[in-house]
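# Structural features, examined
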Amino acid sequence: MSGISRRKFLKSTVVAGGSAAAAMSSTKSFAMKEFEGYPESMGVLVDLTRCIGCRTCEAACNKEHGLPEPELPFDDFSVFDQVFHEGKQKRRTTEKAYTVVNRYETKAQGAPVYRKLQCFHCSEPACLTSCFVNAYTKTKEGAVIYNADVCVGCRMCMVACPFSMPAYTYDSALHPQIIKCNFCYDNRLTKGKPPACVEACPQEALTFGHRKTLVKTAHERIRSNPDKYVDHVYGETEVGGTSWMYLSSVPFDQAGFNTTLQHHPILDNTKSFLGIVPMVLGIWPALFMGFHLLAKGGKGDKESKDKVEVHGE
Amino acid sequence: MQIRKIRIMTGIILALFFISAPAFGVDDAPPTSVRIDSLSHLYEGVDFDHELHVGIEENCSVCHHHRFSSEVAADRCAACHSECGGTFSPTCSDCHVAEPFTGKHIRQMEEDPHRFHVDITGLKGAYHLKCLNCHIETGAPTECVDCHERTDAGNRFYRSGKYAPTGGKSGGSHE
């Protein structure tokens, strides 16, 4: 290798190293920030041992939000027999229903298990993560709310949500929007009142309170009734923690829950990868500049021009 | 004259005492029927056949678990409360409030580090959990309307009866 001057070598090393260090430190502080959730975040503990599948919560939600008339009365329990997609799927939340209750026949016990399903109001929501126009906001009260005015209708949030909760008004040609539970944010949560479904439940299967307290309540219920509950609070850590958590007497996969979800936020899957971008943008130019200087040998243009002329002949 | 006045006064005082005896926790015969309707809106109030239930379960503590003049109902309670005497009132709403999720009640449960019973259901939940759990076990009636009739407001709420959906295009995502 023709001698690169020591000065040039040191220069290129410093440039490469310096920009790499700068990029890395800024990447680290951005990517490694953990969000533990707002301390005052409210939550709901759903105790499946208390739910009797009366669907009063569905009726209360419908009334509270002025939702369209349902196909069947809310005290019609034939809805529990409805299946879709060749029997693989039970009822889902729709553009007319922010919440549904499903029935699950379980292997062990005689009695079926009922489960109320709605947006889980995750601490670090995947829908919010996936939205490039910031249509979602995780409020400090705990609700994940949606702003239809900025939404562009890409529906990436529907793909991102690990619980497949957001519904879409496909029927609306000009003003479609995402439809999902908003934790009764406008009318109730901001006024210190519980959501309509919680208030309506006759069995108090839904317990409203601060999320931090509910985690303790849930574990205390398990501790005091070891034969009654499975020793797990669903939503405590799933996808980084959700505001709506569940207790069950049967294994959660038998009650329709996805038990293969990761126990850290969906955001983490892309955070580290995307966090490398500033570093790449900083290092590669400097690195390749260094290579270029090394390769040139630092002898100047005249030398290389001569070489070209010789070659060209 | 003086003695007569004293006797009359004594008689009045004794009469008042016996009339108000229940307020002092002196045991009456339990009521035969109790009207439960403090929360009625979607359903009518309940005419609760207390006499029937006393006949089924002699231990008052099974339902009135805050009243220990009879045996303590659960071992877990006896761990701390085995020496307690009876309470004045067997009323559920003394501990189970009608609105358990107001900011005030939530704070009350969360902020007192010396309070032991913090996972107390509200009144509606207490009624249904207490009653239905036993009804399910014993095969007693469990339909909502078995205990209380639906009101008109209730029928409108559940879109039931004369308020049932009339059909037509529903437009759900699974149509």
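Our structure's up above, just so we're on the same page.
Here's what I pulled together on the structure shown here. Predicted model only: the values in this text are computed from it and were never measured.

## Quick look at the overall build of chain A
Looking only at helices and strands, chain A has nine helices and nine strands in total. By residue count, 38% of the 313 residues in chain A fall in the buried class. For chain A, the share of sequence-separated contacts (at least 6 apart) that also reach a separation of at least 24 residues comes to 66%.

## Some words on the overall build of chain B
When you go through chain B residue by residue, the secondary structure sums to seven helices and two strands. Reading the helices (α) and strands (β) of chain B from amino to carboxyl end gives α-β-β-α-α-α-α-α-α. Every one of the 175 residues in chain B was classed for burial, and the buried ones make up 10%. When contacts within chain B are restricted to residue pairs at least 6 apart in sequence, long-range pairs at least 24 apart make up 41% of them.

## Observations concerning helix H2 (residues 56-64) of chain A
Of all nine residues in H2 of chain A, seven are buried, a share of seventy percent or more. Following H2 of chain A by one or two positions, Gly66 of chain A has its phi on the positive side, about 60°.

## Re the sheet that holds strand S9 (residues 244-247) of chain A
Residues and elements named next belong to chain A. Strand order in the open sheet made by the three strands is S8-S1-S9, with mixed pairing throughout. Edge positions in the sheet fall to strand S8 (206-210) and S9, since each of these pairs with one other strand and no more. Across this sheet, the average inter-strand angle for adjacent strands is 25°, counted without regard to direction. Running at roughly 130° to S8, helix H6 (residues 211-224) makes contact with strand S1 (42-47), S8 and S9 of the sheet.

## Focus: the pairing of strand S3 (residues 113-117) of chain A
Residue and element names in this part refer to chain A. Burial analysis of S3 places four of its five residues in the buried class, the great majority of the element. Two strands pair when backbone bridges link them, and strand S2 (residues 100-104) and S3 are joined in this way by five bridges, in the antiparallel orientation. Bridging from a neighbouring strand, Arg103 pairs with Tyr114 of S3.

## What about the environment of Gln108 of chain B?
The topology assignment puts Gln108 of chain B in helix H4 (residues 103-111). Sequence-wise, Gln108 of chain B and Ser93 of chain B are 15 residues apart; in three dimensions their C-alpha atoms are separated by 16 Å.

## Topic: the interface of chain B and chain A
With 23 residues of chain B at the interface, the matching set in chain A holds 32 residues. At the level of elements, H4 and helix H5 (123-138) of chain B are the ones that each hand at least two residues to the side of chain B that touches chain A. Each residue belonging to the side of chain B that touches chain A can be placed in one class, and the counts come to eight nonpolar, 11 polar and four charged.

Reading the values: rules and limits
- Residues numbered from 1 in each chain as written.
- Chains lettered and ligands numbered in written order.
- Predicted model: local features only at pLDDT ≥ 70, side-chain atom pairs only at ≥ 80, totals over all residues.
- Helix = DSSP H or I, 4+ residues; strand = E, 2+ residues; numbered from the N terminus.
- Buried ≥ 20, exposed ≤ 12 C-beta atoms within 10 Å, placed from the backbone.
- Contact = placed C-beta atoms within 7 Å.
- Pairing = 2+ DSSP bridges.
- Axes fitted to C-alpha atoms, helices over the stretch in contact; angles between N-to-C directions.
- Nonpolar A, V, L, I, M, F, W, Y, C, P; charged D, E, K, R; others polar.

Bear in mind that shape data such as this cannot, by itself, settle questions of function.
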